[in-house]
Amino acid sequence: MALRDVAKSFVNGVVALDGLDLDVRRGEFVSLLGPSGCGKSTALRLIAGLSEPSRGAIVWDESGTAHARRDIGFVFQEPTLMPWATVARNVALPLTLRHAGASKAAPQIAAALERVGLASFRDAYPRELSGGMKMRVSIARALVTDADLLLMDEPFAALDEITRFKLNNDLLDLWQALGKTIVFVTHSVFESVYLSGRIVVMTPRPGRVFKELRVDAPYPRHESFRTSADYAAYCRLASEALNQAMAAAA
Amino acid sequence: MSTTDHAASERILRLVLPVAALALGLGLWELAVQAYALPPYVLPGPRLVAQTLVADWEVLSTSLVATLVTTFEGLALAVVGGIGLAILFNLSRPVEYALYPYAVILQVTPVLAIAPLLLIYLPQQGAVLACAWIVAFFPVLANTTLGLKSVDHNLTDLYRLYGASRRQVLFHLKLPSALPHILAGIRIAGGLSLVGAVVAEIAAGSAGAGSGLAYRIAESGYRLNIPRMFAALLLLSVAGIVIFFALSGLSHLLLRRWHESAIAREG
């Protein structure tokens, strides 16, 4: 999947993206790193088909057609759960909207909940869950259709650090087990280095790609990676790139 | 004292104090009526009112049923009409722009002034029902409209992402999300429907087998049957209280699992 010279401006005159080129390869974990308001989320919404680019195109490599709507899982910054529905019914939503029969959907729902470790909470309501658990439900919902591409928009930004580290590890495990392609938006240098194989550093508005960094540390990564010298070195590199990106725009 | 003891004693106080205040008030009232030997056509004591309530129960209960039937019919029409119109507004901007101002006008025009006109063009029972509907319908419409518009934007995006139809968005997302607003509207509408029915009955003012409690009050006034006026008034306020608590209970029942308003917090 690729974005070619994509621009997006809004009716109020804000130019969120201008000349964004981005390639995402199958099975890759790529992070979009940039300051708040650099159009990272806009790029994600364009990929998801939730809004249309003002210029340029989104290309899906197999068919080669622009705007081909794929099976996509989306995780928002907030858990975005329906408070009136149980955990199981929230996770089932993508299937319900596609008129999947209950008997067919049930094992998929159970499997998705199992993967995020919430199998015993299927009948709970969102308000009964902690922030981290709500986010797990949100991830289970994105997984339930078995989409190849997961788009994640700062999903852990509102969580405390302990929960965030835990979810970082779980997400990496899921990614390795399921072989999904993940595009992960974040403004945290540390999170992007820990998770991704490739970091795309973006400039502030209008957003463009400033620099790409490969993080060649091998997977699986665990807590030991967080404290390694390699990790610190990559963080410094990413941090410098981010500072340069912001300085270049200023 | 532990916090649970404290909470329990506070709950008892909240029950006991209003009852004590009521008993005190009624006692003073009865005492004053006796002490000044006030005739019943000036001010009946509470004991006489209670006796009248029992003695006239046959007439009063028939009237109570008549008023309640009107109230619930008005409320039911208001709920159906209010939610239906709000959905129509939500689906079509032009319809909302075209009709919303008239819904507001219907609401701000005092129903007491509309009632005599309605009585000219509609049969009496129809006019009374129309009045109950007019006053009860707007809170349902306004609250439902607000509720349908207050849907979480991310959830809306999520439904789009998974290719939801307009029907699915309405029934799976907008209506459940608006439910707390709708129920608040219905709770207001319940009380107002009673007000509308009473206003129309008083404006109608003519006798008949199906005459409601408000008509009994007016009629008893002409006959200087003041105790019966009080008895009918008492029944009307009890009816209002029961309607309020019934609708609050319904709201709690529907929202208790998920909405903040229905969840008791500790501490």
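Please read these numbers as outputs of a predicted model, since none were measured by experiment.

Definitions and cut-offs
Residues numbered from 1 in each chain as written. Chains lettered and ligands numbered in written order. Predicted model: local features only at pLDDT ≥ 70, side-chain atom pairs only at ≥ 80, totals over all residues. Core = buried A, V, L, I, M, F, W, Y, C linked by C-beta atoms within 7 Å. Buried ≥ 20, exposed ≤ 12 C-beta atoms within 10 Å, placed from the backbone. Helix = DSSP H or I, 4+ residues; strand = E, 2+ residues; numbered from the N terminus. Contact = placed C-beta atoms within 7 Å. Axes fitted to C-alpha atoms, helices over the stretch in contact; angles between N-to-C directions. Left-handed = near helix turned anticlockwise from the far one by under 90°. Nonpolar A, V, L, I, M, F, W, Y, C, P; charged D, E, K, R; others polar. Pairing = 2+ DSSP bridges.

### Side note on the nonpolar core
Line of reasoning, step 1. Of all hydrophobic cores here, the largest spans 75 residues; its most connected members are Leu33(A), Phe74(A), Val91(A), Ala140(A), Leu151(A) and Val201(A).
Line of reasoning, step 2. When residues in this core are grouped by element, the largest group, 7 residues, is from helix 2 (residues 87–97) of chain A.
Line of reasoning, step 3. Other than its neighbours up to four places away in sequence, Phe74(A) contacts Ala48(A), Ala142(A), Leu151(A), Leu158(B) and Leu161(B).
Line of reasoning, step 4. With 55 residues, the next largest nonpolar core counts Ala86(B), Val111(B), Ala132(B) and Ile182(B) among its residues.

### Describing the packing of helix 3 (residues 57–91) of chain B against helix 6 (residues 124–149) of chain B
The geometry of a pair of packed helices is captured by two quantities: the angle between their axes and the separation between those axes.
Residue and element names in this part refer to chain B.
Line of reasoning, step 1. In the contact formed by helix 3 and helix 6, the axes pass within 7 Å of each other and the chain directions differ by 35°. Considering the relative orientation of helix 3 and helix 6, their crossing is right-handed.
Line of reasoning, step 2. A class-by-class count of the residues in the contact of helix 3 with helix 6 yields 17 nonpolar, 8 polar and 1 charged.

### Looking at the environment of Val209(A)
All names here are of chain A.
Line of reasoning, step 1. Position of Val209 relative to the elements: it lies in strand 9 (residues 209–214).
Line of reasoning, step 2. Val209 sits in the partly exposed class, given 19 other C-beta atoms within 10 Å.
Line of reasoning, step 3. Excluding anything up to four places from it in sequence, Val209 contacts Leu20, Asp21, Leu22, Val200 and Met202.

### Quick word on the sheet that holds strand 5 (residues 72–75) of chain A
All names here are of chain A.
Line of reasoning, step 1. Pairing in this open sheet of 6 strands is mixed, and the strands run 5-6-7-3-8-9 from one edge to the other. Of all the strands in the sheet, the pair left with one neighbour each is strand 5 and strand 9. In this sheet, neighbouring strand axes are inclined to one another by 15° on average, regardless of whether the strands run parallel or antiparallel.
Line of reasoning, step 2. Pairing of strand 5 with strand 6 (residues 149–153) involves 4 bridges; the strand directions are parallel. Counted as the bridge partner of Ile72 is Leu149 from strand 6.
Line of reasoning, step 3. Relative to the sheet, helix 8 (residues 229–249) contacts strand 3 (29–33), strand 8 (198–202) and strand 9, its axis offset from that of strand 9 by approximately 175°.

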